[in-house]
Amino acid sequence: MEGYIPPTSAGNLQDYEVASKEFTWASVDKEFDWSKGSVYNVAYEAIDRHALNWRKNKIALYSINAEREVQKYTFGELSRISSRVASGLTKLGAKKGDRIFVYLDRTSELYMAMMGIVKMGGIAGPLFSALGPEAVKDRALDSGTNIIITSQYLYERLLPILDDLADLRKIVIVGASGDMDENCVSFDDLLESGDPNFQAINMAPTDPYIIHYTSGSTGKPKGVLLGHRAMVQQCITSRWVLDLREEDTYWCTADPGWVTGTSYGIFGPWYLGTSIVSYEGRFDARTWYDILQRYGVTVWYTAPTALRMLMRAGDDLVKEFDLERVRHICSVGEPLNAEVVRWAMRTMNRRIHDTWWQTETGAHLICNYPCMTIRPGSMGKPIPGVIAGVVDEEGNEVPPGTEGYLALRPGWPSMMLGIYRNTPRFKEYFRIPGWYIAGDQAYRDEDGYFWFMGRADDVIKTSGERLGPFEVESALIEHSAVAEAGVIGKPDELRGEIVKAFITLRPGYKPTEELKEDITKFVKTRLAYYAYPREIEFVESLPKTRSGKIMRRVLKAKELGQPLGDLSTLDD
Ligand code: PRX
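Here the structure is a predicted model, which is why all the values come from computation and not from measurement.

Let's talk about the overall build of the protein chain
Here's step 1: Scanning the protein chain from terminus to terminus reveals 18 helices and 26 strands.
Here's step 2: Relative to the 2.2 N^0.38 estimate, which gives 25 Å for 572 residues, the radius of gyration of the protein chain is 23 Å and therefore close to what a compact globule would have.
Here's step 3: Across the 572 residues of the protein chain, 62% fall into the buried class.
Here's step 4: Taking the contacts inside the protein chain whose residues are at least 6 apart along the sequence as the reference set, 69% of them involve residues at least 24 apart.
Here's step 5: Computing the positive centroid from 67 side-chain charges and the negative centroid from 78, the protein chain places the two 2 Å apart.

Section: the pattern of salt bridges
Here's step 1: Evaluation of the coordinates by the stated rule reveals 42 salt bridges.
Here's step 2: Residue E134 is joined to R526 by a salt bridge in which the shortest nitrogen-to-oxygen separation is 3.9 Å. Here the residue E134 occupies a position in helix α6 (residues 133-143), and R526 occupies one in helix α17 (residues 513-526), the gap between them amounting to 392 residues.
Here's step 3: Given the relative accessible area of 21%, R526 is considered partly exposed.
Here's step 4: Notably, a salt bridge pairs K500 with E535, separated by 3.4 Å at the nearest N-O pair. With a gap of 35 residues between them, K500 in strand β25 (residues 496-505) and E535 in strand β26 (residues 535-538) connect regions that are remote in the sequence.
Here's step 5: Residue classification places E535 among the partly exposed residues on the basis of a relative accessible area of 26%.
Here's step 6: Overlapping salt bridges, with partners in common, bring together K490, K500, E535, E537 and E559 in one network.

Brief notes about the packing of aromatic side chains
Here's step 1: Across all of its chains, the model carries 28 aromatic pairs by this definition.
Here's step 2: Considering the side-chain rings of Y264 and W357, the 5.1 Å spacing of their centres and the 90° angle between planes classify their relative orientation as edge-to-face. Taken together, the residues Y264 in helix α10 (residues 259-271) and W357 in the loop between β14 (352-356) and β15 (366-367) connect sequence positions 93 residues apart. For the pair formed by Y264 and W357, the shared burial category is buried.
Here's step 3: In textbook terms, an aromatic cluster arises when at least three aromatic residues are bridged by ring pairs, as seen for F32, W34, Y40, Y209, F267 and Y271.
Here's step 4: The ring of Y405 has R431 sitting right over it, with the charged end atom 5.2 Å from the ring centre.

Regarding the sheet that holds strand β21 (residues 450-455)
Here's step 1: Spatially, four strands are ordered β17-β18-β20-β21 in an open sheet, and the strand pairing comes out antiparallel. The open sheet has two free edges, formed respectively by β17 (388-391) and β21, since each of these has just one partner strand. This sheet shows a mean twist of 50° between the axes of neighbouring strands, independent of strand direction.

Quick look at the nonpolar core
Here's step 1: Counting residues in hydrophobic clusters, the biggest one holds 100 residues, and the most contacted among them are L89, I149 and W270.
Here's step 2: When near neighbours in sequence (up to four residues on either side) are disregarded, L89 contacts A94, I100, G116, I117, M120, I147, I149 and L190.
Here's step 3: Membership of the second largest hydrophobic core comes to 48 residues, among which are Y213, L225, V499 and A501.

A look at helix α9 (residues 231-240)
Here's step 1: Burial analysis of α9 places nine of its ten residues in the buried class, which makes it a mostly covered element.
Here's step 2: When α9 is considered as a whole, its buried residues turn out to be M231, V232, Q233, Q234, C235, I236, T237, S238 and W240.
Here's step 3: Residues of α9 that are buried in the fold lie against α2 (26-29), α3 (42-46), β8 (208-214) and α10.

Observations concerning the environment of I383
Here's step 1: In this fold, I383 is placed in the loop between β16 (381-382) and β17.
Here's step 2: The class of I383 is buried, set by a relative accessible area of 0%.
Here's step 3: When the C-alpha atoms of I383 and V224 are compared, they prove to be 22 Å apart, with 159 residues separating the residues in sequence.
Here's step 4: Other than its neighbours up to four places away in sequence, I383 contacts W25, Q233, T237, V241, H364, L365, C367 and Y369.

Looking at the domain arrangement of the protein chain
Here's step 1: Looking at the protein chain, the domain boundaries give domain 1 (16-25 + 231-455), domain 2 (39-61 + 68-228) and domain 3 (460-560).
Here's step 2: If you average the C-alpha positions of domain 2 and of domain 3, the two centres end up 33 Å apart.
Here's step 3: In this complex, domain 2 contributes 17 residues to the contact, which on the side of domain 3 involves 15 residues.
Here's step 4: Regarding the contact of domain 2 and domain 3, the summed buried area is about 1200 Å², with carbon and sulfur atoms giving 53% of it.
Here's step 5: Applying the counting criterion to the domain 2 and domain 3 interface returns one salt bridge.
Here's step 6: The interface formed by domain 2 and domain 3 contains eight residue pairs in polar contact (both at pLDDT 80 or more).
Here's step 7: Examining the composition of the side of domain 2 that touches domain 3, we find that four residues originate from one element, α6, more than from any other.

Here we look at the site of the ligand
Here's step 1: Looking at the ligand, there are 18 residues lining it, with T355, T359, D440, R455 and R466 nearest.
Here's step 2: Taking R466, its side chain carries an N or O atom lying 2.5 Å from an oxygen atom of the ligand.
Here's step 3: When the ligand is considered free in solution it has 540 Å² of accessible area, and contact with the protein chains removes 96% of it.
Here's step 4: Where the shell around the ligand is concerned, the elements lending two or more residues are α10, β14 and β21.

Considerations on the packing of α6 against helix α7 (residues 152-162)
Here's step 1: At a closest axis distance of 9 Å, the pairing of α6 and α7 adopts a crossing angle of 60°. Put simply, α6 runs oblique to α7. Crossing hand, α6 versus α7: right-handed. Note on element contacts: α7 touches α6 through R157, L158 and I161, opposite P133, E134, V136 and K137.
Here's step 2: A breakdown of the residues in the contact of α6 with α7 according to their chemical character gives four nonpolar, no polar and three charged.

Cut-offs and rules
- Residues numbered from 1 in each chain as written.
- Predicted model: local features only at pLDDT ≥ 70, side-chain atom pairs only at ≥ 80, totals over all residues.
- Heavy atoms only, no water.
- Helix = DSSP H or I, 4+ residues; strand = E, 2+ residues; numbered from the N terminus.
- Rg over C-alpha atoms; globule rule 2.2 N^0.38 Å.
- Buried < 20%, exposed > 50% of the residue type's maximum accessible area, 1.4 Å probe, protein only.
- Contact = heavy atoms within 4.5 Å.
- Lys, Arg positive; Asp, Glu negative; His and termini not counted.
- Charge placed at Lys NZ, Arg CZ, Asp CG, Glu CD.
- Salt bridge = Lys/Arg side-chain N within 4 Å of Asp/Glu carboxyl O.
- Phe/Tyr/Trp six-rings, centres within 6.5 Å; stacked < 30°, edge-to-face > 60°.
- Lys NZ or Arg CZ within 6 Å of the ring centre and 35° of its normal.
- Pairing = 2+ DSSP bridges.
- Axes fitted to C-alpha atoms, helices over the stretch in contact; angles between N-to-C directions.
- Core = buried A, V, L, I, M, F, W, Y, C linked by side-chain atoms within 4.5 Å.
- Domains from an automatic or database assignment.
- Buried area = accessible area lost by both parts, 1.4 Å probe.
- Polar contact = N/O pair within 3.5 Å; in protein donor to acceptor, adjacent residues only side chain to side chain.
- Near = heavy atom within 4 Å.
- Areas by Shrake-Rupley, 256 points an atom, 1.4 Å probe, with all protein chains shown as cover.
- Parallel < 35°, antiparallel > 145°, perpendicular 65-115°, else oblique.
- Left-handed = near helix turned anticlockwise from the far one by under 90°.
- Nonpolar A, V, L, I, M, F, W, Y, C, P; charged D, E, K, R; others polar.

If you want it as C-alpha cells, here you go:
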C-alpha cells in the first residue's frame, strides 16, 4: 500500500507470525542465571552475572554529564560499586521491601544507586529531578519512604518538606558539602562503608523491585509496583523490539524517573549485556545529533516530541551529521505522527518503530518490529505472547475500524503487581471482566494493526510526560489568588498537548499578565517544571456538576469548539 514502509532486514525477531503462534514465556527463563541456580534478582541479572564472564571489562555505561564530559563504567565496576551501595544501605538499616527514593539528575550515581537498592531487596523509587518539593512530598508520604538518595542541590530543594516526612530515616547525599544533619550521609561515605562483594538478595518473582509514580485523571499520583518477574518481558522485548545485539551502543533518551528510563533505559538493555549511553543535559537538537554521531549510537529509543523538535530544527542540521551507524530507531509515550516517520525516512533513511505501553504494563505490549511493514501512524501489533483487543463497555471485541477501549488479556509477566496502598484503584483497571483496560481509545484495522485515538480519561500527555489534571489543579489552588481551577490538555503541534488552566480568582485579585506569570512560577517550583500551565485563562465561573465536580470535559469541548455533549449533570 502507498505510504507503508516495508522492512529492510528481518532483525532479531525473524518472523512475527511464527513467533506469535509458537512463543512461550517459559522459553525466556533460560536466558537468566536464576534458571541455573543463581539468586532471583533483576539487578543480579542486569549487572552481576556479566561481571562473572568476559563482559566484566565491557563498557556498561557511558555517562555523559551536562558539560558533555564522559565517564565510563564496565559491568565489573558497576557490579562492585552497586554492591557497595547495597551493603552500605544495609548498614544504614535498610531492609528488604523498604521504599528507597532516588532523586538525582541523570548522573552515574543514579545508576549505581538504583542497582544497589534493588540488589539489597529494596524497592527503588526513581524521581525525575524536575519534580518540585511538593511533588516529592506527595510521593514520599504515599510510599512511606525510609531513605532518599539525592544530591546536594536537590537536598536543599527538599529542606522545606523534610520535617513532614515521618517515615524518612536517612538521606544519602551525592557531592555533600558543608555541615550535614545527623540523619544525612555522604554518598562517598556510603560507598566507603559498603562491601564490594555484597551478594544480591534472592527475591520472589512477585516481589517488587521498583515503584514508579504516575498520574491518573483523579487523585494524586499513584505508586505502580513492578515485580522482579518483569525481567522476562523486558529482556525479550529488548531483543525483539529494540533489536539489541551484543555489539550495539544504545541510547534511551527517557529519564529513569519514568518507566521507559528504567525498563528500557537500564534493565532491558543490561539483561542483554548492551552498552548504554546516558546524557544528563536537556534537549538540544545539535547536541543530540552530536551524541548519536560521537558515541556511534546504533539503537536509539526516544519520543515523538523530541523527534518533532528535531524535525523542526531543519533538514540542514541533520545532514551535518554522519548518522549512518544508527541502525534502529524506536519511539514511545505519545502518538507518533506519520509525518515524523516520513521525515526520518527522508533525512536519515531509517524507519521509526512506534511502541505502545504504559507504566502499569512494565514493558512493551503493542509495537512495530524490524521484520514488519510499518503503517505510519499505527502503534503496530501485540508482542508475541500478549493478546490485545479493542472492546466495548461489556468487554465484547468491536469490529475492525471501530473505536473502543484498548484492552489486554491480563497476565503478561511485567504487568504491575499493584498500586501501592490502593487496591480499589488497582481493581479499576480490571472493571471489564477478562480484560485489563488501559485508559486509551483505539481501533484495530483489518490486518490487526492498532491505531491510537486518544485517552479515554482526562490524563494529559505533554511532551510525553504523563500528568493528572488533579495534581495541577491542587497546586494551583494553593496559590493565594486562585479560588478554583480546572485543567485540561490542549492539543499542541509540538508537544502533543499543553496544560491549559481555567482559573477563577479570589475577591480582590485582578486578572493580569503579571498574575499569570506568578501562578506559572508557583506551579513550576512546587510541582514540576513541565507541569505548569502554558496557557491560563481567567474565567468568572467553572462548569460543575450538581455535586460540585469541575467538568473538564466541558472546558475541553468549549476550548476546541466541539459539541458540549450531555450536560444533564451540569449545575445550572
Ligand atoms: O496514552 C498512552 C500514551 O501514554 C500512556 C502511558 O503513559 P506512561 O505510563 O507515562 O508510559 C509512557 C511510556 C511507556 C498510554 O496510556 N502512549 C504511550 N505510548 C504511546 C502512547 N500513545 C500513543 N502512541 C504510543 N506509542
